[in-house]
Amino acid sequence: MATPVIETEGLTKIFGRLRNPKLAVDHIHFRVEPGQVYGFLGPNGAGKSTTIRMMLNLMHASDGKTLIFGEDPRKKPDILFRVGSLVEGATFYPYLRGWDNLKVVGNSRGGFDPTRAKQLLQFVGLVGSERVRVKAYSTGMKQRLGIAAALLNNPDLVILDEPTNGMDPAGIREMRQFIRDLAYKYGKTVFLTSHLLSEVQQTSDRVAIINRGKIVVEGLIEELLNQEEQLEAEVGSIEKAKTALQERWQVAASTVPNEHNKLRIKASRNDTPSIVRRLVEQNVDVFSIAPVRQSLEEYFLEVIGDDSVQPNSSPLPIGGTPHA
Amino acid sequence: MLNLFRAEWKKTTGNRLLVGCTVWIFPILGCGALSLFSIILLASGESRQDFIADPPRWDDIGVGVWGIANFPISRLFLISFAATLFAGEYQYQTLKSVLPGNQRLGLIVTKFVTMTAFIVMTFIATIVILIIGFGLICLIFGADYPPSLTSDTAGEFLKDLLLNASITFASTLIFAGIAALVSILTRSILFGVMASVFLTLLESLGLIFGLILIAAITKIESVTDIYLLTPTYNSANILQWVNENTPSPPIVDGRGTLSLWESVAVLGFWIILMVGLSTFAFQRQDIQ
């Protein structure tokens, strides 16, 4: 069995030990296998960035440990030269040009390879902007430069914390393809947090959902989302439909925003005729009914419950503070 | 370690405003002083006569430049440089990019080495500018420029230069260490500079008056001996021993002084304390 790329064992972080201690990360365990795209999700303040910072030796764990490629970075920090990271937005020395910032990051991480830096600038679409000082970059450009910086040392593990922050829809689509390419074309392992759950669903193999410092659920996306069969019905009146069906089936209004007349029924595809018959008998207008697969967003909201914010309606990204 | 130094060098040289205002200001002021001196000599015949009668010695100029770093005003520039070098990483939130994979000790040592390199470079540049500049002035106005350059005078000059440079640098390192420590703890350039400036002024000026006042009120003169533990006294004392073979006088007549090696030990203690505390604080810190 291959050595896990990341393995945490009881990883814990307590802030302010002496006065008003706050448990930010509470004995979490997870494993990321080679070649996986691993989504790490949770609402604001759940502990995602703190976990990443402990993995990167930026924060000291209060208890437990992280192993990266089987090594403890506290004892062998240079194992982190095999890791590329973009944590809570790309930050650079604003007075330096993009190219010089890459030089600084490259040299800080074992050595700068100009050929690779040029290839990466091409890859992230910043050719021509590398001679401009970073203070003149847009947020999206900084984010792209951050991706290039994260990949400078050709890492085996790439940690991307909210990589689509500040990107336009086209950039987000490119990023999705880029993450897939990293894993499936170049064989990298990707550890990803994003507030765009649909992106995570489309790119990740496995996810962990963290809430209040604890991992509440962890598994393959396919397994998590296919636990129960569901039907989605578009009806004239949600209340009347609920009353008609709830004696026999579990019924709930759709949790997806802006879908006010849609109903989720925990039932198999074979129940469709019975459900339609029952609704018609009770004078409920039926516009459509079809089996649906639960989205990661719905699953996330179900797992997190009232603690979460609506992912797509929030003005702030889940995970840390908003970036300027 | 060499790559880390390259990265640190690029970060520092790239910040032209910082380096221009706090480091290159010394050679720039040297050029300004030469220009002003030339204008005075051109404008005043009496000054010109005095200059020709009593020309400057190039070896005194070279050695004397290191004394500039001991002035409280000069220290403010060097402290600001040190504080920005250390706290800049927090201000720009760049530690998360440059720290993973590196030993924290390595990173902080690289910063101290870079700071040292810049300070040495700026003072060497100032020495070269002043020695050549005064040489040209002497040539233009027909004055001598003693002493004659022989292997003996050059050897003596290099010995004095290295000695003065080491002592001045040791004392500068202590204040840079204070700036580094405060910058690391507060994660702020402004606090780093403010706290270091306050401590510098307190140590070099305020402490003398404070100790004299306490001694006068309590009638305990030995209180003033606390001054013998300060970096300023000990660097001055070492220079005095080396140049004059006598101790630097105490702030109250009749009180004891320190020997050369006692002062070396006190200065060494301060350097180890400040650099050690900065390193310890950085090692323990969580990077947000």
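None of these values were measured; they are calculated from a predicted model.

So, unusual backbone geometry
Here's step 1: For the peptide bond that leads from Pro146(B) to Pro147(B), omega is -10 degrees, which places it in the cis range.
Here's step 2: Relative to the helices and strands, Pro147(B) resides in the loop between helix H8 (104–141) and helix H9 (151–186).
Here's step 3: Notably, His27(A) is not glycine yet its phi reads approximately 45 degrees, a positive angle.
Here's step 4: Structurally, His27(A) is set in strand S2 (residues 22–32).
Here's step 5: Take His27(A): its relative accessible area is 42%, and that puts it in the partly exposed class.
Here's step 6: Even without being a glycine, Phe69(A) presents a positive backbone phi close to 50 degrees.

Thoughts on the packing of helix H3 (residues 114–123) of chain A against helix H4 (residues 139–151) of chain A
For any two helices packed against each other, the geometry is given by the interaxial angle and the distance between the axes.
Residue and element names in this part refer to chain A.
Here's step 1: At their nearest, the axes of H3 and H4 sit 9 Å apart, and the two run at 145 degrees to each other. For H3 against H4, the interelement crossing comes out right-handed. Each of Arg 116, Leu 120, Leu 121 and Phe 123 in H3 lies in contact with H4, whose residues at this interface are Leu 145, Ala 148 and Leu 151.
Here's step 2: In terms of residue class, the contact of H3 with H4 is built from 6 nonpolar, no polar and 1 charged.

Let's talk about the interface of chain A and chain B
Many structure descriptions define interface size as the accessible area lost when the parts assemble.
Here's step 1: Each partner contributes residues to the interface: chain A has 33 residues there, and chain B has 29 residues.
Here's step 2: Applying the counting rule to chain A against chain B returns 2 salt bridges.
Here's step 3: Here Lys10(B) makes a salt bridge to Asp100(A), at a shortest N to O gap of 3.6 Å.
Here's step 4: At the boundary of chain A with chain B, the tally comes to 20 residue pairs in polar contact (both at pLDDT 80 or more).
Here's step 5: Broken down by element, the side of chain A that touches chain B gets its largest block of residues, 6 residues, from helix H2 (residues 98–108) of chain A.
Here's step 6: Here the residues of the side of chain A that touches chain B sort into 15 nonpolar, 9 polar and 9 charged.

Examining the side chain of Gln285(B)
Here's step 1: One can find Gln285(B) in the segment after helix H12 (260–284).
Here's step 2: Assessed through its relative accessible area of 7%, Gln285(B) is described here as buried.
Here's step 3: Among the polar contacts made by the side chain of Gln285(B), one reaches the side chain of Tyr90(B) at a distance of 2.4 Å.
Here's step 4: Those residues within four positions of Gln285(B) in sequence are excluded, and the remaining contacts are Leu58(A), His60(A), Tyr90(B), Arg104(B), Ile184(B) and Arg187(B).

Considering the packing of H9(B) against H12(B)
All names here are of chain B.
Here's step 1: Their axes nearest at 9 Å, the elements H9 and H12 cross at an angle of 20 degrees. One way to sum up the angle between H9 and H12 is to call them roughly parallel. As H9 packs across H12, the resulting crossing turns out to be left-handed. Taken together, the residues of H12 that come into contact with H9 (itself represented by Ala 170, Leu 173, Ile 174, Gly 177, Ile 178, Ala 180, Leu 181, Ile 184 and Leu 185) are Leu 267, Trp 270, Ile 271, Met 274, Val 275, Leu 277, Ser 278, Ala 281 and Phe 282.
Here's step 2: Among the residues making up the contact of H9 with H12, the classes are represented as 16 nonpolar, 2 polar and no charged.

A word on the packing of aromatic side chains
All names here are of chain B.
Here's step 1: This model, assessed by the stated rule, comprises 23 aromatic pairs over all chains.
Here's step 2: A ring pair is formed by Trp 24 and Phe 118, whose centres lie 6.3 Å apart and whose planes are at 50 degrees; its orientation type is tilted. Taken together, the residues span a long stretch of sequence, with Trp 24 in the loop between helix H2 (16–22) and helix H3 (25–43) and Phe 118 in helix H8 at a distance of 94 residues.
Here's step 3: When its relative accessible area of 1% is taken as the criterion, Phe 118 is described as buried.
Here's step 4: Look at Phe 26 and Phe 123: their rings are 5.0 Å apart centre to centre, the planes differ by 35 degrees, and that puts the pair in the tilted class. You can see Phe 26 sitting in helix H3 and its partner Phe 123 sitting in helix H8, a full 97 residues away along the chain.

A closer look at the domain arrangement of chain A
Here's step 1: For chain A, the assigned domains read domain 1 (6–224) and domain 2 (229–293).
Here's step 2: Relative placement of domain 1 of chain A and domain 2 of chain A: their C-alpha centres are 41 Å apart.

Rules and cut-offs
Residues numbered from 1 in each chain as written. Chains lettered and ligands numbered in written order. Predicted model: local features only at pLDDT ≥ 70, side-chain atom pairs only at ≥ 80, totals over all residues. Heavy atoms only, no water. Helix = DSSP H or I, 4+ residues; strand = E, 2+ residues; numbered from the N terminus. Buried < 20%, exposed > 50% of the residue type's maximum accessible area, 1.4 Å probe, protein only. Axes fitted to C-alpha atoms, helices over the stretch in contact; angles between N-to-C directions. Left-handed = near helix turned anticlockwise from the far one by under 90°. Contact = heavy atoms within 4.5 Å. Nonpolar A, V, L, I, M, F, W, Y, C, P; charged D, E, K, R; others polar. Salt bridge = Lys/Arg side-chain N within 4 Å of Asp/Glu carboxyl O. Polar contact = N/O pair within 3.5 Å; in protein donor to acceptor, adjacent residues only side chain to side chain. Parallel < 35°, antiparallel > 145°, perpendicular 65-115°, else oblique. Phe/Tyr/Trp six-rings, centres within 6.5 Å; stacked < 30°, edge-to-face > 60°. Domains from an automatic or database assignment.

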